[in-house]
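Working through the structure, step by step
Okay, here's what each chain looks like letter by letter:
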Amino acid sequence: GAAEIMPALGRRGMMTVLPALALATVISGFALYWRIAGGALGAFLQTRTGATLALSGPGLRLRPRGPRQGGQVFSPCAHP
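The text that follows walks through the structure, step by step, so that each part is easy to find.

Glancing now at the overall build of the chain. A count of helical and extended segments in the chain gives four helices and two strands. A burial count over the chain gives 6% of its 80 residues as buried.

Given below as structure tokens:
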């Protein structure tokens, strides 16, 4: 389980590398957004494309974490 994996990842330095890679991904995403907008973010956000791109990233974080059954998140490992 995770109790064995996390310390092993820490010993290998992955807990330093992975957050750095995540930060680089976020910064590059902002740079690409700026480039697409041509430097005029306010005007770009008023377009359909700009609004879609601005809302799609945070919207992906709001999606359900698993298939739903009866209005609740179904987990095959859950105890009754």
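On to the packing of aromatic side chains, then. Using the criterion set out here, one finds one aromatic pair in the structure. On the numbers, 5.6 Å between centres and 70° between planes, the contact of Tyr-33 with Phe-44 is edge-to-face. Of this pair, Tyr-33 sits in helix α2 (residues 14-37) while Phe-44 sits in helix α3 (residues 41-45); the two residues are 11 residues apart in sequence, bridging distant segments of the chain. In this structure Tyr-33 comes out as buried when scored by relative accessible area, which is 16%.

Every α-helix winds through 3.6 residues per turn, so residues three or four apart in the chain are directed the same way. In this model α2 runs 34 Å from its N-terminal to its C-terminal C-alpha over 24 residues, within 8% of the 34 Å that 1.5 Å per residue would give. Just downstream of α2 lies Gly-38, where phi reads positive at about 70°.

Here the focus is a nonpolar patch on the surface. Together, Val-17, Leu-18 and Leu-21 line one region of the surface with nonpolar side chains, adding up to about 250 Å² of accessible area. Positionally, Val-17 belongs in helix α2. By relative accessible area, Val-17 is classed as partly exposed at 39%.

Thresholds applied
- Residues numbered from 1 in each chain as written.
- Predicted model: local features only at pLDDT ≥ 70, side-chain atom pairs only at ≥ 80, totals over all residues.
- Heavy atoms only, no water.
- Helix = DSSP H or I, 4+ residues; strand = E, 2+ residues; numbered from the N terminus.
- Buried < 20%, exposed > 50% of the residue type's maximum accessible area, 1.4 Å probe, protein only.
- Phe/Tyr/Trp six-rings, centres within 6.5 Å; stacked < 30°, edge-to-face > 60°.
- Expected span 1.5 Å × (residues − 1).
- Patch = residues over 30% accessible without salt bridge, like charges linked within 9 Å, V, L, I, M, F, W, Y side chains within 5 Å.
- Areas by Shrake-Rupley, 256 points an atom, 1.4 Å probe, with all protein chains shown as cover.
- Salt bridge = Lys/Arg side-chain N within 4 Å of Asp/Glu carboxyl O.

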